[in-house]
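Coordinates in review
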Amino acid sequence: MDGIAQNQGDAPRLGLGRPTFGMTRDQGKRVEVSLALKNGGSIVAVEELSESISADVLADYAKGLTKDIAEGKPRTFSDAWTATGQYVWVNLAEVVAFSLRPAK
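Anyway, here's the lowdown on the structure attached to this text.

Cut-off values and rules
Residues numbered from 1 in each chain as written. Predicted model: local features only at pLDDT ≥ 70, side-chain atom pairs only at ≥ 80, totals over all residues. Heavy atoms only, no water. Helix = DSSP H or I, 4+ residues; strand = E, 2+ residues; numbered from the N terminus. Buried < 20%, exposed > 50% of the residue type's maximum accessible area, 1.4 Å probe, protein only. Contact = heavy atoms within 4.5 Å. Areas by Shrake-Rupley, 256 points an atom, 1.4 Å probe, with all protein chains shown as cover. Core = buried A, V, L, I, M, F, W, Y, C linked by side-chain atoms within 4.5 Å. Salt bridge = Lys/Arg side-chain N within 4 Å of Asp/Glu carboxyl O. Pairing = 2+ DSSP bridges. Expected span 1.5 Å × (residues − 1).

What to know about the overall build of the chain
Counting its regular elements, the chain contains two helices and five strands. With 104 residues in all, the chain has 28% of them scored as buried. Sequence-distant contacts, at least 24 apart, represent 53% of the contacts inside the chain between residues at least 6 apart. A total of about 7,700 Å² of accessible surface is found on the chain, and carbon and sulfur atoms cover 54% of it.

Some thoughts on the nonpolar core
Buried together is how nonpolar side chains tend to be arranged in soluble globular proteins. Residues V31, V33, Y61, L65, F77 and L100 are the most contacted members of the largest nonpolar core, which totals 19 residues. When residues of this core are traced back to their parent elements, those giving at least two are strand 1 (30–37), helix 2 (55–71), strand 4 (87–91) and strand 5 (95–102). Those residues in contact with L100 that lie beyond four places of it in its chain are V31, E32, V33, L58, Y61, A62 and L65.

Considering the pattern of salt bridges
In a structure, side chains of opposite charge can pair up when their charged atoms sit close to one another. This model, assessed by the stated rule, comprises seven salt bridges. A salt bridge links D68 to K73; the nearest nitrogen and oxygen atoms lie 4.0 Å apart. One network of salt bridges, with partners in common, ties together E47, K67, D68, E71, K73 and R75.

Here we look at the pairing of strand 2 (residues 42–48)
The side chains of a regular strand alternate, residue by residue, between the two faces of the sheet. Bridge count for strand 1 against strand 2 is seven bridges, and the pairing is antiparallel. Among the inter-strand pairings, L35 is bridged to a residue of strand 2, identified as I43. Count of turn residues in the strand 1/strand 2 antiparallel hairpin: four residues, of which G40 carries a positive phi of about 95°.

Points about helix 2
Between its first and last C-alpha, helix 2 extends 25 Å over 17 residues, near the 24 Å set by a 1.5 Å rise per residue. Next to the buried residues of helix 2 lie strand 1, strand 2, strand 3 (74–78) and strand 5. Downstream of helix 2 by one or two residues, G72 has phi in the positive range, about 65°.

Let's talk about the side chain of R30
Counting through the fold element by element, R30 comes out in strand 1. In contact with R30, other than residues within four places in its own chain, are V46, E47, E48, I53, D79, A83, T84, P102, A103 and K104.

As far as function goes, none of this settles anything; it's purely spatial.
This is the structure:
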């Protein structure tokens, strides 16, 4: 190895590194929902799901939320007490758009 490659390998790394070989990062079970309201406001809610987040789980969640918004149902979103403990009640008849992503 040349001196440059060796020096980079020995240097301390800041921030999050790659997971150890054979380990994967857990996506968790929490989803962050951003809701845009008709009056121009927005609400961000975090909800804990019963299963780990995957692309399919997130797509199913989006389909269910789209259906609830179309029906104009009130809905609650709640996060685990051990996480944020957040509890949000929303009148979905006032929602015009939403965004979903796995919560950090």
